[in-house]
Amino acid sequence: MIDCNAKFDLHSHSTFSDGELTPTELLLAAKESGISHLALTDHDTVDGLDEAHQAAQEQQLTLISGVELSATWRGQLLHILGLGIDPSDTTLSAGIASNKQRRQTRAIDMINDFRNHGIELESAVSDIIGSATPTRPHFAQALINLGHAKSKNQAFKRFLVRGKPGYIALQWPSIAEIADWIHAAGGIAVLAHPLRYKFTRSKLITLIDEMADCGIRALEVSTPTCDPQQRSMLERLCIDKQLAASMGSDFHAHGQPWARLGTAAPLSAAVTPVWQLIQSH
Ligand code: AMP
Ligand code: MN
Ligand code: MN
Ligand code: MN
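Attention in this report is confined to the structure presented alongside it. Every value quoted in this text rests on a predicted model; they were computed, and no experiment measured them.

A few points about the pattern of salt bridges
Applying the stated criterion across every chain yields a total of nine salt bridges. R196 is the partner of D250 in a salt bridge, and the nearest nitrogen-oxygen pair spans 3.0 Å. In this pair, D250 is assigned in the loop between β7 (244-247) and β8 (272-273) and R196 in the loop between β5 (188-191) and α8 (201-213), connecting sequence segments 54 residues apart. A relative accessible area of 8% means that D250 is categorised as buried.

What follows is the structure, encoded as structure tokens:
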């Protein structure tokens with residue numbers, strides 16, 4: 001039974017992907033933000049979960065094992081969260097390994113593409129990535145460090161996106177494949193930040209229907225960047241389509257005021273919160 005003082009943040013990142021805090025620092029920050037239940041959902045990796053669980057025990061906070069998996073749907077990159085996964089499941093582990101391999105190959109292709117544009121990033125970006133899963137924000141940081149961009153936002157305008165240096169198109173697995181991995185690991189699959197894809201309403205509904213066919217029956221409804229109208233629109237969709245609702249900040253770093261830990265607004269009582277479906281492993 002979840003007590004009424006519970007405070008959930010079911011979407012966050014650490015240094016194991018593109019976050020700036022180690023799992024230990026993240027759990028400390030979560031505690032300071034009054035969070036009682038945190039999910040660590042690094043991009044295409046579960047490598048931070050062991051440290052996170054240990055830190056959660058020290059902070060007396062509940063850590064939900066999670067991951068944010070990249071998928072391609074109709075040529076568009078989507079993010080699907082797996083919450084309450086068993087990270088040791090062999091199907092999920094194999095799937096994650098394949099996504100990591102895609103990221104590693106893409107990183108090499110990105111370095112070569114920058115080189116073709118006269119920008120040498122290899123040593124700077126390798127130092128930044130270290131043993132993390134390679135992500136575009138690592139490249140954005142390297143571009144900043146070398147004076148090619150003033151901020152991550154600028155790096156994501158001048159580089160790294162379609163039509164700009166450093167952009168490498170990638171075919172990720174289908175939503176059906178991603179759903180199978182998450183379900184094999186006993187997790188709940190959730191469509192992350194549904195409004196960030198800028199779909200029309202009818203396209204979003206087509207996606208939701210196709211997700212439901214794959215057993216994906218939850219939406220991330222509350223994020224700090226969505227306003228009350230957007231939240232209630234998504235809650236309405238959850239009710240109409242019989243989906244569970246999730247909430248999370250998508251926290252990456254302290255310097256990002258639009259995604260502060262624990263600042264996703266509470267869910268309305270009219271929706272089924274996703275944590276009612278999450279099993280403990
Ligand atoms: P990747 O998964 O490697 O393609 O990188 C995607 C990540 O880049 C997202 O999860 C965000 O954290 C980050 N990102 C995307 N756009 C921006 C932006 N304009 N400014 C800062 N970070 C961004
Ligand atoms: Mn990210
Ligand atoms: Mn995402
Ligand atoms: Mn995220």
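Focus: helix α9 (residues 228-241)
Taking 1.5 Å per residue, 14 residues should reach 20 Å; α9 reaches 20 Å between its end C-alpha atoms and fits that length. Within the span of α9, buried status applies to R231, L234, E235, L237 and C238. Summarising the axial view, the buried residues of α9 lie within an arc of 155 degrees, below the 170-degree limit, and thus occupy one face. Across α9 from its buried face, at more than 90 degrees, point the exposed residues P228 and Q229. Turning to α9, the residues buried within the fold contact α8, β6 (218-222) and β7. Phi turns positive one or two residues past the end of α9, at Q242, with a value near 55 degrees.

Thoughts on the packing of helix α4 (residues 122-129) against helix α5 (residues 136-145)
The packing of two helices is summarised by the inter-axis angle and the distance between the axes. Two elements in contact, α4 and α5, have axes separated by 9 Å at closest approach and are oriented at 125 degrees. Between α4 and α5, the crossing angle belongs to the class labelled oblique. Crossing hand, α4 versus α5: right-handed. Every residue of α5 that contacts α4 at A124, V125, I128 and I129 is listed here: H138, F139, Q141, A142 and N145. Here the residues of the contact of α4 with α5 are counted per class, giving six nonpolar, three polar and no charged.

Things to note about the coordination of the manganese ion (ligand 2)
Around the manganese ion (ligand 2), the protein contributes the donor atoms D18 (OD), H43 (NE2) and H252 (NE2), which lie 2.1 to 2.2 Å from the metal centre. Of note, the donors binding the manganese ion (ligand 2) are all from one chain and are spaced D-x24-H-x208-H. The distance between the manganese ion (ligand 2) and the manganese ion (ligand 3) is 5.5 Å. Remark: H43 occurs in the loop between β2 (37-40) and α2 (49-59) and D18 occurs in the loop between β1 (8-9) and α1 (23-32); sequence separation between them is 25 residues. Each member of the pair, D18 as well as H43, is classed as buried.

Considerations on the coordination of the manganese ion (ligand 3)
Taken together, E68 (OE), H79 (ND1) and H193 (NE2) make up the protein donors of the manganese ion (ligand 3), found 2.1 to 2.2 Å from the metal. Sequence positions of the residues that donate to the manganese ion (ligand 3) give the spacing E-x10-H-x113-H. Judged by its relative accessible area of 1%, E68 falls in the buried class.

Quick word on the site of ligand 1
All residues in the neighbourhood of ligand 1 are listed as D18, H43, R103, R106, T135, R136, P137, K152, N153, F156 and H252. For ligand 1, an oxygen atom lies 3.1 Å from a polar atom in the side chain of D18. A distance of 2.8 Å separates an oxygen atom of ligand 1 from a polar atom in the side chain of R103. Calculation on ligand 1 without its partners gives an accessible area of 500 Å², and the protein chains cover 79% of this total. Here the shell around ligand 1 gets three residues from one element, more than from any other, and that element is helix α6 (residues 152-158). Of the residues that constitute the shell around ligand 1, the class distribution is two nonpolar, four polar and five charged.

The rules behind these values
- Residues numbered from 1 in each chain as written.
- Chains lettered and ligands numbered in written order.
- Predicted model: local features only at pLDDT ≥ 70, side-chain atom pairs only at ≥ 80, totals over all residues.
- Heavy atoms only, no water.
- Salt bridge = Lys/Arg side-chain N within 4 Å of Asp/Glu carboxyl O.
- Helix = DSSP H or I, 4+ residues; strand = E, 2+ residues; numbered from the N terminus.
- Buried < 20%, exposed > 50% of the residue type's maximum accessible area, 1.4 Å probe, protein only.
- Expected span 1.5 Å × (residues − 1).
- Arc of directions from axis to C-beta.
- Contact = heavy atoms within 4.5 Å.
- Axes fitted to C-alpha atoms, helices over the stretch in contact; angles between N-to-C directions.
- Parallel < 35°, antiparallel > 145°, perpendicular 65-115°, else oblique.
- Left-handed = near helix turned anticlockwise from the far one by under 90°.
- Nonpolar A, V, L, I, M, F, W, Y, C, P; charged D, E, K, R; others polar.
- Donors = N, O, S within 2.8 Å, 3.2 Å for Na, K, Ca; no water.
- Near = heavy atom within 4 Å.
- Polar contact = N/O pair within 3.5 Å; in protein donor to acceptor, adjacent residues only side chain to side chain.
- Areas by Shrake-Rupley, 256 points an atom, 1.4 Å probe, with all protein chains shown as cover.

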